[in-house]
Amino acid sequence: MGCPQTLRRAGRRTNAALLLVCLGAFLTGWLAFAAGTPVPATVATVAHGLLALGVVALVPWKSAIVGRAASVPLAGWVLIVLILLCLGAGFVQLFRGFGVLAGVSPIQVHVGAALLAVPLFSWHVLHRRPQRLRRADLSRRALLRTGAFALGVAAAYPLTLLAAGGTRGDKGRVATGSGALDPDRIPATTWLLDRVPHLDGDAHRVDVVGRSLGPAELEQMSVPVRARLDCTSGWYADATWTAARLSDLIPADRLVGVASLEVTSVTGYTRRFPVAEASALWLATGCQGRRLSAGTGAPVRLVAPHRRGFWWVKWVASVRASPSPAWAQPPFPLQ
Ligand SMILES: Nc1nc2c(c(=O)[nH]1)N[C@H]1C(S)=C(S)[C@@H](COP(=O)(O)O)O[C@H]1N2
Ligand SMILES: [Mo]
């Protein structure tokens, strides 16, 4: 924390630093959602954590600036509350792990507050007069101060993790920041607005690249598959799924000239995968030795062990071969 004298100097550079760490935190937050494998997930979450501590470290300086302002408009106060809520919820996830209070998890509050803050933040940054880099900003002194700030944040990072690990107790936490849940009690989870359809399991057919398969036929071709379902709302579960490998269901000659496989739910929820992943994707009919429940995707859902939960399309209606590349889709589902 800064002594009163340095706080009095808070100003343009504090604002610039805060803008950079906030933008960085926003970007790495999305990256953390996108990364499904341990190494990229670790890189994204460590960067996200460092930038978050950077925001926290700048709070005393920014408070001095706000304190000097003649008046703060209502939108400014709303922005302050949203950013504090976002930070607070992030730290609740870190220190307490996943939990649900009044129907929402800390990560949902964290992301919701961040998204609501975006228009206010943009307005706040854009309606100020543009600030140009000055010669003094690149002076030895300024660079040393920036370096000391970065070092302080970097040193606070492992200490914060250590403290969080202590308060969280034995609740397991993985690279993405998610906390462990009992695989026998996987909660029915929707991405945004999807609804649980109640399907007739015996009559249901899945169109797998032109081949019509029912749950019973899929079950015959199934094996036990260990996989980690890691939801972006802050939990993961290591479960054993009863599932058939997608590449075993599709004759190789049907994949000639195909770039991606598009997995679509009866609800319309869709995710597209590179065709090379066909051997790492599974159509599941069961979990932990039991049939799937309606909420968790019955009668057939996708299991994508190397990807975050939102890729695990539930209530699969079809798997289509497509000439379009897998990246030709919104990075996150829209329903
Ligand atoms: N059709 C459809 N599939 C979906 C979703 C959805 O909203 N609709 N949510 C996804 C998300 S965000 C997760 S984490 C997993 C959750 O699976 P579960 O309900 O078995 O926990 O399903 C994924 N598959
Ligand atoms: Mo999720």
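Keep in mind it's a predicted model, so treat the numbers as computed, not measured. For every chain, the first residue of the written sequence is number 1, and numbering continues from 1 onward in sequence order. All chains are assigned letters beginning with A, and all ligands numbers beginning with 1, in the order in which they are written. Residue-level local features of this predicted model are given only where pLDDT is at least 70; pairs of side-chain atoms are given and counted only at 80 or more, and the full residue set underlies all totals for whole chains, interfaces and linings. The basis for every side-chain value is the complete set of heavy atoms in the structure, and neither hydrogens nor water enter the calculation.

## Thoughts on the pattern of salt bridges
Stage number 1. The term salt bridge refers to a pairing of a side-chain nitrogen on Lys or Arg with a carboxyl oxygen on Asp or Glu at a separation within 4 Å. Applying the stated rule across the entire model yields eight salt bridges.
Stage number 2. Put simply, Arg185 and Asp182 hold a salt bridge, and the shortest N to O gap is 2.6 Å.
Stage number 3. Remark: exposure states derive from per-residue accessible area (1.4 Å probe, protein chains only) relative to the maximum for the residue type, with buried under 20%, exposed over 50%, and partly exposed in between. Arg185 sits in the exposed class, given a relative accessible area of 62%.
Stage number 4. One salt bridge connects Arg272 with Glu262, and the closest N-O pair in it is separated by 3.2 Å. Here the residue Arg272 occupies a position in strand S7 (residues 270–274), and Glu262 occupies one in strand S6 (residues 260–265), the gap between them amounting to 10 residues. As far as burial versus exposure is concerned, Arg272 and Glu262 are alike and both buried. Under the scheme used here, helices are H or I runs from DSSP no shorter than 4 residues and strands are E runs no shorter than 2 residues, and both carry numbers assigned from the N terminus.

## Overview of the domain arrangement of the protein chain
Stage number 1. Along its sequence, the protein chain is organised into domain 1 (2–178) and domain 2 (181–322).
Stage number 2. The interface of domain 1 with domain 2 comprises 15 residues on the first partner and 14 residues on the second.
Stage number 3. Put simply, buried area is the surface a 1.4 Å probe can reach on two separate parts but cannot reach once they are joined, added for both. Here domain 1 packs against domain 2, burying approximately 1100 Å² in sum over the two surfaces, 60% of which is carbon and sulfur.
Stage number 4. Considering only the surface of domain 1 that becomes buried against domain 2, Phe33, Phe98 and Ser178 emerge as the three largest contributors, covering 46% of it. Boundaries of every domain are those given by an automatic assignment or by a domain database. In this analysis, two residues are considered to be in contact whenever any of their non-hydrogen atoms come within 4.5 Å of each other.

## Quick notes on the sheet that holds strand S2 (residues 206–208)
Stage number 1. The strand order across the open sheet formed by five strands is S3-S2-S11-S6-S7, and the pairing between neighbours is mixed. The strands lining the two open edges of the sheet, one partner per strand, are strand S3 (211–213) and S7. Strand-to-strand, the axes of this sheet are offset by a mean angle of 25°, without reference to chain direction.
Stage number 2. The pairing criterion for strands is at least two bridges between them, as found by DSSP. Two elements, S6 and strand S11 (residues 316–322), share six bridges in a ladder whose sense is antiparallel. Within S11, the position partnered with Leu261 by the bridge is Ala321. For helices, the fitted line uses only the C-alpha atoms of the stretch in contact; every axis is such a line through C-alpha atoms, and the angle between N-to-C directions lies from 0 to 180 degrees.

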